[in-house]
Amino acid sequence: MRNLLFTITYDGTNYHGWQIQENALTVQEVFQNAFKKVTGERGDMKACSRTDTGVHAREFCVSVKTESKIVTERFPAAMNHWLPEDVAVKGCKEAPLDFHARYSCKGKEYSYEIWNSPVREPFLRGRALHYWYPIDEVRLKAAAGYYVGAHDFTSFCTQDKRERGDMVRRVTKARVERRGDMVLFTVAADGFLYNMVRIMAGTLLRVQEGRLLPEDIPGIIEARDRAKAGPTAPACGLYLNRVFY
């Protein structure tokens, strides 16, 4: 038995997230199908995260236990032959048998991308949120700074059966920057709650609209009340950038 760590990237526009679903196409389904074509096995797969419908990944990690003897260097080309064009394997390496793509993870980095222009960009359809009104990135940067640190992020979580117990997460980076007409919110933490980044982004847009002040963020965190934070921003602007082990 071997444990292989795959690094993949995908455009999530056409998928209902990573995890297998009965009546919807997911990234896991096409990845498993390609793996079976290559090895003849379905493999025991563990993913680093569960992305939602329409969310993208520049780096997504999957550990797979298999008896296949194919050398790791051959897997990217072999898998990419069978994968659709919006999913690609970037790398494959051996991992210890007790390695788990999710539970061995030390942290992740996400970015939320906003196309900030009066004119929509057709080539970013499904890949960034189009926000018509001018964004003051300095104001949003000040607000995002309050996310940094170890906090109970209950106010920034869509609660369901997936989220129970400890709601504290340590955010190590939260910044806003402009690159031309693109405004990027980048956040890294030791873990994330369900919809946490999208709610953070939606709350920043409430700050932009003047409905909240940057100084209101600590109070929203302290309230531990989802109703106090902003809306959940659309999935199209969210990217999983990096996974840390």
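Residues numbered from 1 in each chain as written. Predicted model: local features only at pLDDT ≥ 70, side-chain atom pairs only at ≥ 80, totals over all residues. Heavy atoms only, no water.

Chemist: So, unusual backbone geometry: which residues are in play, and what are the values?
Modeler: Residues apart from glycine generally show negative phi values, whereas peptide bonds are mostly found in trans. Phi is positive for N195, close to 70°, though the residue is something other than glycine. Structurally, the position occupied by N195 is in the loop between β9 (182-189) and α4 (196-208). Overall, the relative accessible area of 13% leaves N195 in the buried class. A positive phi angle is found at R224, which is not glycine, with a value near 50°. Checked against the element boundaries, R224 lands in the loop between α5 (217-223) and β10 (238-244). (Helix = DSSP H or I, 4+ residues; strand = E, 2+ residues; numbered from the N terminus. Buried < 20%, exposed > 50% of the residue type's maximum accessible area, 1.4 Å probe, protein only.)

Chemist: Lay out the nonpolar core in plain terms, naming residues and giving numbers.
Modeler: With 74 residues, the main nonpolar core has F6, Y147 and F185 as its most contacted residues. If one sorts the elements of this core by residue count, α4 sits on top with eight residues. What Y147 contacts, discounting residues up to four positions off in sequence, is F153, F156, V171, A174, F185, M200, T203, L204, I217 and I221. (Core = buried A, V, L, I, M, F, W, Y, C linked by side-chain atoms within 4.5 Å. Contact = heavy atoms within 4.5 Å.)

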